[in-house]
Amino acid sequence: MSKSEAAKGGNARGFISGVVEGFYGRPWTMEQRAELFKREQKWGLNSYLYAPKDDYKHRMYWRDLYSAEEAEQLTTLILAARNHNVEFIYAISPGWDITFSNPKEVAALKRKFEQVREFGCRSFSLLFDDIEREMCPADKQAFDTFAHAQVAIANEVFQHMGQPDVFLFCPTDYCASFCTPNVSQSAYLHTVGEKLLQGIDILWTGPKVVSHKISVESIEEVSAVLKRPPVIWDNIHANDYDPQRIFLGPFKDRPTDLIPKLRGILTNPNCEFYPNFVAIHTLATWCKATPEEEPSDVEMREEDQDLCYSPQKALTLALTEWLQDFLNTDQPGGPQHPAARLKKDASVDEPMQTDLGEAAYVPGPNENPLYTAEPLTLDDLKLLSDLFYLPYEHGATAQTMLQELDWLKNHSWAVAAQTEKTAEWCSRAQHFDGLCEAVVQMFNRLSNAPNRSILYDLYNYICDIKSGVGLARAYVKSLGGQGRPSAHVMNDDPEPWGFRGGLSGEFQRMLPGHGNRDLFKHPPMTTVYCIRPYCPEDKDEVQRIFREMQRPGGDKAPLMMQPPLMSDSLLELDAPPSPHCAVVVEDEMGMCGYALVLPEAKPAAVKIQRELGATVLKDYPSLLTLQVLPRVTDPSPAKRMISQLLSSLKNSGSAGVLCEVRHSDRRMLEFYTKLGSFKPIKIPGLPQDVLALGASL
Ligand code: GDL
């Protein structure tokens, strides 16, 4: 299909492009939909699929006809779509409770579609996503399979409605991950492909419900089974599954080579209408782009290069246009942004006139600067988009912030080390602080933007990120010895924002790997670790691990000549440690780590002539050692062992625990610093490469 064909309307079998309002939760208002049609027309998109999951009469009460008032509203809406050259496709989701074999049910469907046709609608859709796959006994008798039942009803309704140009069908297996055993062997999809009438098009979300990438090969595979190119229902910007996320990144990871392989593409975006500016604008840019593999004459001319889709460029284009939206008031007669007024008003020295004819307040030389005069910038919007980018990817600044925080946390030992690392730590901490400040400034300027509708849609998210960034910032300050120690950030009687995420957050934190995959780091390991109390038979294994960890280069490397640590004597184990003072961890290959504590550190210190001093011994009377083999890359077993031992030390009345780590042992340093509770402590006369860390209990 050529690009001009693609740009054609979604009817008359042109390329369908636009938006599906297909998410769960509060549907958009009629005004927002009318605004959507305006935007679609302006940006060259041609279709809108009406499928709000929680609209009463779309799904739950699908049989009910519309009241006179609703009819009027829908008629106006359908007309608005037509006036903007947008094809209004009306969808019904009857799959929850329809009995396919009951003619009355089929009649109810037809009646409903007929009613909507009276409102001026010409295009229709039947959706069978997110429903039970089990048929009721009556249907089991009438149909071979669920696919047969759905196809029969879709074909009948399609014909009854006079075979409209656009009639979309959403299968129950609408993405590759739902297919058993896979796409090419899915009996369900084969039946749909073979039996569904050719005039009916099929919706498909890609490899997954929310597809990270959609490849040309995957579309070729499914098209072969469906016997037609699908219409992509793209959930890349959908956010109805997570109340803390919104997606303001560009349409991405769908090569434009897909365009000629598809019947169309509809994005099912964020529930919040206004922030979808980026999602829809960048999709429109994508739809206008040239497929990457389209043959080009010898060398690509510059203007052709512009037609290639670049997510980054598309994003900048969208944000630049969106910025204007933010700066325009959406309140009829409402306050206009001083920045916008300043722009219009060439002579800013003159007192500005408001609509009421009063002189606007202009601060004098020694007075407070006018807070509201700070205009929102394109950089603010770029930052905003970076912080709320895409489901599988943070934006560049967000990634930098995470990396920097991670580094600062893992190298906090450098603060006390007084080496060249200390300077690096301080400079990176300052840079991190600057990034946090930019988020706060962005928040302030956004909250002052004259367009309140966009702000209100974004408000919870920007508030949330501002607090999250605030916590991280305070934590870094405390690591650097500025501000309150981090223990006080989460003190004994925190405000409710100290335990974020409510009950759901608590459940997640209790699950392995926090019940969540980290977008920033590697996904959690699937290895199962068993932590159990030490028993006398473990002695040899524990000593083997101790020795192995003294030889960083592997078994053949010579034992390093290095000063002993207090904890080394713990390993002599003349008297076996009591079970509540020692634990070991095992994976499927055997023992892979241990943690031991000595309630009284003093004898171990005396043994290697370490002068601990009265204050250190008072604050940290106990001693801890931990070793975990390098094959354990997941820090959680070490963390669990330490928490177990520290809580039993605490119960036995110890005020604190100290441990020693060699500077060269970066892994152990990382383990301890990640725990958050261990801080470097000063012990005079400590060998140069040894660092003492203490945790109060
Ligand atoms: C889905 C639902 C959709 C929802 C989306 C994201 C389809 C076909 N159906 O599975 O309504 O908004 O996930 O949660 O995508």
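All values reported here derive from a predicted model rather than from experimental measurement.

Engineer: Before we go on, may I ask you to explain the overall build of the chain in this structure?
Structural biologist: Scanning the chain for helices and strands turns up 24 helices and 15 strands. Within the chain, buried positions represent 48% of all 697 residues. Across the chain, every contact between residues at least 6 apart in sequence was considered, and the portion connecting residues at least 24 apart equals 76%. Carbon and sulfur atoms make up 54% of the accessible area of the chain, which totals about 33800 Å².

Engineer: Would you mind going over the site of the ligand with me for this structure?
Structural biologist: Taken together, 15 residues lie around the ligand, and Gly-22, Asp-129, Tyr-174, Asn-235 and Asp-240 are the ones closest in. One of the side-chain N or O atoms of Asp-130 is found 3.4 Å from an oxygen atom in the ligand. When the ligand is considered free in solution it has 360 Å² of accessible area, and contact with the protein chains removes 95% of it.

Engineer: Would you mind showing me how to read the sheet that holds strand S4 (residues 123-127) here?
Structural biologist: Sheet strands pair by backbone hydrogen bonding; their relative direction is either parallel or antiparallel. Strands sit in the order S1-S2-S3-S4-S5-S6-S7-S8 around a closed barrel of 8 strands; the barrel is parallel. Averaged over all adjacent pairs, the angle separating strand axes in this sheet is 25°, with direction ignored. Both strand S2 (residues 47-50) and strand S3 (residues 87-92) contribute to a ladder of 4 bridges, which runs parallel. Bridging across to S3, Ser-47 finds its partner in Glu-87. Sheet contacts for helix H9 (residues 277-288): strand S1 (16-21) and strand S8 (264-267); angle to S8, the most-contacted strand, approximately 170°.

Engineer: Help me understand the nonpolar core in this model?
Structural biologist: The nonpolar side chains of a soluble globular protein tend to be buried, and buried together. In terms of nonpolar packing, the biggest core is built from 165 residues, with Phe-88, Tyr-90, Trp-286, Trp-322, Leu-384, Leu-626 and Phe-678 touching the most fellow members. For this core, the element with the highest residue contribution is helix H17 (residues 452-479), accounting for 10 residues. Setting aside its immediate chain neighbours within four residues, Tyr-90 contacts Tyr-50, Lys-57, Tyr-66, Lys-112, Phe-113, Val-116, Cys-121, Ser-123, Phe-124 and Ser-125. In this structure, Ile-16, Val-20, Val-166 and Tyr-174 belong to the second largest nonpolar core, which totals 16 residues.

Engineer: Whenever I open this one, the side chain of Arg-473 confuses me. Can you help?
Structural biologist: In this structure, Arg-473 sits in helix H17. The exposure class assigned to Arg-473 is buried, which follows from its relative accessible area of 17%. Polar contacts involving the side chain of Arg-473 include one to the side chain of Glu-437, which spans 2.8 Å. Not counting residues within four places of it along the chain, the set of residues in contact with Arg-473 comprises Phe-432, Asp-433, Cys-436, Glu-437 and Val-440.

Engineer: So what exactly am I meant to see when it comes to the packing of aromatic side chains here?
Structural biologist: Applying the stated rule across the entire model yields 26 aromatic pairs. Between Phe-100 and Phe-146, the ring centres sit 5.9 Å apart and the planes meet at 90°, which makes this aromatic pair edge-to-face. Residue Phe-100 is found in the loop between S3 and helix H4 (103-118), and its partner Phe-146 is found in helix H6 (residues 146-160); the two are separated by 46 residues along the sequence. On the numbers, 5.0 Å between centres and 65° between planes, the contact of Tyr-174 with Phe-178 is edge-to-face. The partly exposed category is assigned to Phe-178, whose relative accessible area is 28%. What links up through ring pairs into an aromatic cluster is the set Phe-37, Tyr-48, Tyr-50, Tyr-66, Phe-88, Tyr-90, Phe-113, Phe-119, Phe-124, Phe-158 and Phe-167. A cation over a ring is seen here: Arg-59 above Trp-96, with NZ or CZ 4.1 Å from the ring centre. The ring of Tyr-66 has Lys-112 lying over it, and the distance from NZ or CZ to the ring centre is 5.0 Å.

Engineer: What am I meant to see in the pattern of salt bridges here?
Structural biologist: In a structure, side chains of opposite charge can pair up when their charged atoms sit close to one another. Taken as a whole, this structure holds 34 salt bridges when the rule is applied. Residue Glu-35 pairs with Arg-39 through a salt bridge whose shortest N-O separation is 2.9 Å. Of this pair, Glu-35 and Arg-39 both sit in helix H2 (residues 30-43), separated by 4 residues, roughly a single helical turn. Taking relative accessible area as the criterion, Glu-35 reaches 24% and is therefore assigned partly exposed. Using a relative accessible area of 10% as the deciding quantity, one classes Arg-39 as buried. Among the ionic pairs, Asp-464 bridges to Arg-500, the shortest N-O distance being 2.4 Å. Taken together, the positions of Asp-464 in helix H17 and Arg-500 in the loop between helix H18 (486-489) and helix H19 (502-510) put the pair 36 residues apart, joining distant regions of the chain. Given the relative accessible area of 22%, Asp-464 is considered partly exposed. Relative accessible area serves as the criterion here: at 26%, Arg-500 is assigned to the partly exposed category.

Engineer: Could you clarify how one ought to interpret the side chain of Asp-129 in this entry?
Structural biologist: Structurally, the position occupied by Asp-129 is in the loop between S4 and helix H5 (137-142). Within the structure, Asp-129 has its side chain in polar contact with the side chain of Lys-53 (distance 2.6 Å).

Cut-offs and rules
Numbering of residues starts from 1 in each chain and follows the order in which that chain's sequence is written. Local features in this predicted model are restricted to residues of pLDDT 70 or higher, and side-chain atom pairs are both shown and tallied only at a pLDDT of 80 or more, whereas totals for entire chains, interfaces and linings draw on every residue. Each side-chain value is derived from all of the structure's non-hydrogen atoms; neither hydrogens nor water enter the calculation. In DSSP terms, a helix is any run of H or I states spanning at least four residues, a strand is any run of E spanning at least two, and both are numbered starting from the N terminus. With a 1.4 Å probe rolled over the protein chains alone, any residue whose accessible area is under 20% of its type maximum counts as buried; one over 50% counts as exposed, and the rest are partly exposed. Contact definition: two residues touch when any of their heavy atoms are within 4.5 Å. Residue burial considers only the protein chains on display, and all accessible areas are found by Shrake-Rupley using a 1.4 Å probe. Distances are taken per atom, and a residue is near a molecule or strand as soon as one of its heavy atoms is within 4 Å of it. By the criterion applied in these results, polar contacts are pairs of N or O atoms within 3.5 Å in which, for protein atoms, one can donate a hydrogen and the other can accept it, and in which residues neighboring in sequence qualify only through two side-chain atoms. In short, DSSP must find at least two bridges between two strands for them to pair. The axes are straight lines fitted to the C-alpha atoms, using for helices just the contacting stretch, and the angles between their N-to-C directions are given from 0 to 180°. We define the nonpolar core as a collection of buried residues of types Ala, Val, Leu, Ile, Met, Phe, Trp, Tyr and Cys that are connected through side-chain atoms lying within 4.5 Å of one another. Ring geometry is summarised as follows: Phe, Tyr and Trp rings, the Trp one being its six-membered ring, pair when their centres sit within 6.5 Å, and such pairs are stacked at plane angles under 30 degrees, edge-to-face over 60 and tilted between the two. Distance and angle both matter: a charge sits over a ring if NZ of Lys or CZ of Arg is within 6 Å of the ring centre and within 35 degrees of the ring normal. A pairing counts as a salt bridge when a side-chain nitrogen of Lys or Arg comes within 4 Å of a carboxyl oxygen of Asp or Glu.

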